[in-house]
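# Observations on the model geometry
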Amino acid sequence: MTSTKQAVAPGRGADARPFTLWREVLTAYAAPALTAGAAGFATGQSGLVLAAFTSIAGTSAVVAYLLGAWLRHGGRPRRWTTALPRPVLTGLLAAGTTASAALLGWFAAGWLPAHTAVPTAEWLDRLRLDLPVSAALATTIVTLRWRAAIGRRHA
C-alpha cells in the first residue's frame, strides 16, 4: 500500500509546528536557567545559580526575541535568509550575535563599576563569558527552529 503523502525527513513535515516567538523566548529563558541553575546547585556555586537566572537566561531570552522578530520580518522572510544553506545562515548569525554579546559583556564589565554605583563584583566578570555563550546558543537554536518551521515553502 502506498501513501499519498510526500516523503519528508523526520521532523520536517508539512504539519511541522509553526514558529511562535513567545514560545521560543520562553524556551530560551527556561532551558539555560534550569540547566545552569541545576549545575550551580549541584556543584555548590552560588554565583552560577544567580547567573543562571539573570545574565545567562536573560541574554538567551533577549537574543531569541530580537533574532526571532528579525527573522520573521512581518511574516515575510528576507530572501537571503531562505536562500543560504541552513548551516551557513546559522553560522553567520551566530558569529554576529556572539561578537556583539562579547563586546557588550566586555564593555559592561569595565564601564559599570567605573561610571555607576555598581560595585566591582564577580558577576560583572562573568558577563564576559555568559553573554557570548548564551547568545551563540540562543542564535543557533532559534535560527535552526525558524528554518525548520518555514520549511520549503519559502526556499
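Residues numbered from 1 in each chain as written. Predicted model: local features only at pLDDT ≥ 70, side-chain atom pairs only at ≥ 80, totals over all residues. Heavy atoms only, no water.

### Regarding the pattern of salt bridges
Under the definition given, this model contains three salt bridges. A salt bridge links Arg128 to Asp125; the shortest N-O distance between them is 3.5 Å. Taken together, the positions of Arg128 and Asp125, both in helix α5 (residues 122-150) and three residues apart, correspond to about one turn of that helix. Asp125 gets classed as partly exposed once you look at its relative accessible area, which sits at 46%. Across the pair Asp130 and Arg126 runs a salt bridge, and its minimum N-O distance is 3.3 Å. With Asp130 and Arg126 both in helix α5 and four residues apart, this pair spans about one turn of that helix. (Salt bridge = Lys/Arg side-chain N within 4 Å of Asp/Glu carboxyl O. Helix = DSSP H or I, 4+ residues; strand = E, 2+ residues; numbered from the N terminus. Buried < 20%, exposed > 50% of the residue type's maximum accessible area, 1.4 Å probe, protein only.)

### Topic: the nonpolar core
Core analysis: the largest hydrophobic core is formed by 12 residues, namely Phe19, Leu21, Ala28, Ala64, Leu67, Leu71, Leu89, Leu93, Val142, Trp146, Ala149 and Ile150. With four residues, α5 is the single largest residue contributor to this core. Once residues within four sequence positions are removed from consideration, Ala28 is found in contact with Ala57, Ser60, Ala61 and Ala64. Core analysis: the next-biggest nonpolar cluster, separate from the first, contains eight residues, Val63, Ala101, Ala108 and Leu131 among them. (Core = buried A, V, L, I, M, F, W, Y, C linked by side-chain atoms within 4.5 Å. Contact = heavy atoms within 4.5 Å.)

### Overview of the environment of Gly105
One can find Gly105 in helix α4 (residues 86-115). Contacts of Gly105, omitting those with residues within four sequence positions, involve Leu127, Arg128 and Leu131.

### Quick word on a nonpolar patch on the surface
Residues Trp70, Trp80, Val88 and Leu92 make up a contiguous nonpolar surface patch of roughly 370 Å² in combined accessible area. Within the secondary structure, Trp70 sits in helix α2 (residues 46-72). (Patch = residues over 30% accessible without salt bridge, like charges linked within 9 Å, V, L, I, M, F, W, Y side chains within 5 Å. Areas by Shrake-Rupley, 256 points an atom, 1.4 Å probe, with all protein chains shown as cover.)

### With respect to the confidence of the model for the protein
Taken over all residues, the pLDDT of the protein has a mean of 83, while the share at 70 or more is 82%. By mean pLDDT, helix α3 (residues 79-83) is the weakest element of the protein at 88, and helix α1 (residues 21-43) is the strongest at 93. The low-confidence segment residues 2-9, where pLDDT is below 50, has two contacts with residues more than four positions distant or belonging to other chains. (pLDDT = per-residue confidence, 0-100.)

### Overview of the packing of aromatic side chains
Under the definition given, this model contains two aromatic pairs. Ring geometry for Trp70 against Trp80: centres 5.8 Å apart, planes inclined by 55°, an arrangement best described as tilted. Pair noted here: Trp70 is in helix α2 and Trp80 is in helix α3, with a separation of 10 residues, a long-range link. A relative accessible area of 31% means that Trp70 is categorised as partly exposed. For the ring pair Phe107 and Trp111, a centre distance of 5.8 Å and an interplane angle of 20° mean the geometry is stacked. Linking Phe107 with Trp111, this pair stays in helix α4, spanning four residues, or about one helical turn. Judged by relative accessible area, Trp111 falls into the partly exposed class, the value being 36%. The lysine or arginine in question, Arg23, covers the ring of Trp22, its NZ or CZ lying 5.8 Å from the ring centre. (Phe/Tyr/Trp six-rings, centres within 6.5 Å; stacked < 30°, edge-to-face > 60°. Lys NZ or Arg CZ within 6 Å of the ring centre and 35° of its normal.)

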